[in-house]
Amino acid sequence: MHASNSLSFSSRVPAVFRQSELLFSDVNLNHFGFFRGNEKPKFFRLKANFWESIRSGILKNNTKQVIESSVPNEEEEEPMPVEFVLFEKTQPDGNVEQIIFSSGGDVDLYDLQALCDKVGWPRRPMSKLAAALKNSYMVATLHSVQKSPEAEGNDQKRLIGMARATSDHAFNATIWDVLVDPSYQGQGLGKALIEKLIRALLQRDIGNITLFADSKVVDFYRNLGFESDPEGIKGMFWHPK
């Protein structure tokens, strides 16, 4: 996908999140899954002591291999997906609009395609969209739910934001495809979406969180606690020429 000035949060600069810095600012930007032209991506990470945290699952004291039991601990269960109301407001006509965050991956492909069209992303094959969602570790969404006092039980639900993460289910996760409906930008929903996604990943003990940020949105992600080129580490990319 390619970057635009609408609030899809494109990531092309590799970045890493530092767990101690959950700071947020409001910026319009775009986050995508591939690169364009001669723009150079940067790497961002979200946690300090990057290499130490990676090595911690492989080596101990840099000499002895850590071997853990392959028997799962029945007491350690992955947290259930969360869903809650970020905020709600009463409109002049008396209807109530709720903005609902969910980490349960409730995404209709046609709704997602329509949202991608709104932010100016090029269309991708529906089969690949479905595969990307299915193979993601976590898919976070924002929905607008319109409630009318005169039509109780006839709520209108609309997808207005999404972000997803892939992961090795143990140490690392990468955030992709962050987007927010242009008509809902400037309300802090983008930063709330990323913040809640990060916290959901941390709750599952995923501590190294990376993304690729377009040059136009680097400051947005820095304000969220991501760090470019942490400890001199550079992102490396291979693509067909």
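On a predicted model such as this, the values are computed, not experimentally measured, just so you know.

Quick notes on the rules
- Residues numbered from 1 in each chain as written.
- Predicted model: local features only at pLDDT ≥ 70, side-chain atom pairs only at ≥ 80, totals over all residues.
- Heavy atoms only, no water.
- Helix = DSSP H or I, 4+ residues; strand = E, 2+ residues; numbered from the N terminus.
- Contact = heavy atoms within 4.5 Å.
- 1 Å grid on protein atoms, 1.4 Å probe; cavity = no way out; pocket = protein on both sides within 12 Å on 5 of 7 lines; lining within 4 Å.
- Points joined across faces, edges and corners; volume = space filled by probe spheres on them.
- Nonpolar A, V, L, I, M, F, W, Y, C, P; charged D, E, K, R; others polar.
- Buried < 20%, exposed > 50% of the residue type's maximum accessible area, 1.4 Å probe, protein only.
- Core = buried A, V, L, I, M, F, W, Y, C linked by side-chain atoms within 4.5 Å.

## Observations concerning the side chain of Ser-136
Logical step 1: Among the secondary structure elements, Ser-136 is positioned in the loop between α3 (126-134) and β8 (138-147).
Logical step 2: Apart from residues no more than four positions distant in its own chain, Ser-136 is found in contact with Arg-164, Ala-165 and Thr-166.

## A closer look at empty space enclosed by the protein
Logical step 1: Going through the model one piece at a time under the given rule, you end up with three cavities of 30 Å³ or more.
Logical step 2: Put simply, the largest cavity is a space of about 50 Å³.
Logical step 3: In terms of lining residues, the largest cavity is bounded by Gln-113, Cys-116, Asp-117, Pro-122, Arg-123, Arg-124 and Leu-129.
Logical step 4: Take the lining of the largest cavity: its biggest share by element is three residues, from helix α2 (residues 109-119).
Logical step 5: Among the residues forming the lining of the largest cavity, the class breakdown is three nonpolar, one polar and three charged.

## Focus: unusual backbone geometry
Logical step 1: Unlike most non-glycine residues, His-169 shows phi in positive territory, near 70°.
Logical step 2: Relative to the elements of secondary structure, His-169 occurs in the loop between β9 (156-167) and β10 (172-180).
Logical step 3: Accessibility expressed as a relative area gives 52% for His-169, which makes it exposed.
Logical step 4: The backbone phi angle of Asp-205 is positive, close to 65°, even though this residue is not glycine.
Logical step 5: With respect to the helices and strands, Asp-205 occurs in the loop between α4 (189-203) and β11 (208-212).

## Side note on the nonpolar core
Logical step 1: Among the nonpolar cores identified, the biggest contains 32 residues, and Ile-175, Leu-201, Tyr-221 and Phe-226 are the most heavily contacted of them.
Logical step 2: Of all the secondary-structure elements, those providing two or more residues to this core are β7 (96-102), β8, β9, β10, α4, β11 and α5 (218-223).
Logical step 3: Broken down by element, this core gets its largest block of residues, seven residues, from α4.
Logical step 4: One finds Trp-121, Leu-133, Leu-159 and Leu-179 within the second-largest nonpolar core, a separate group that totals twelve residues.

All quantities given are derived from atomic positions and should not be read as evidence of function.
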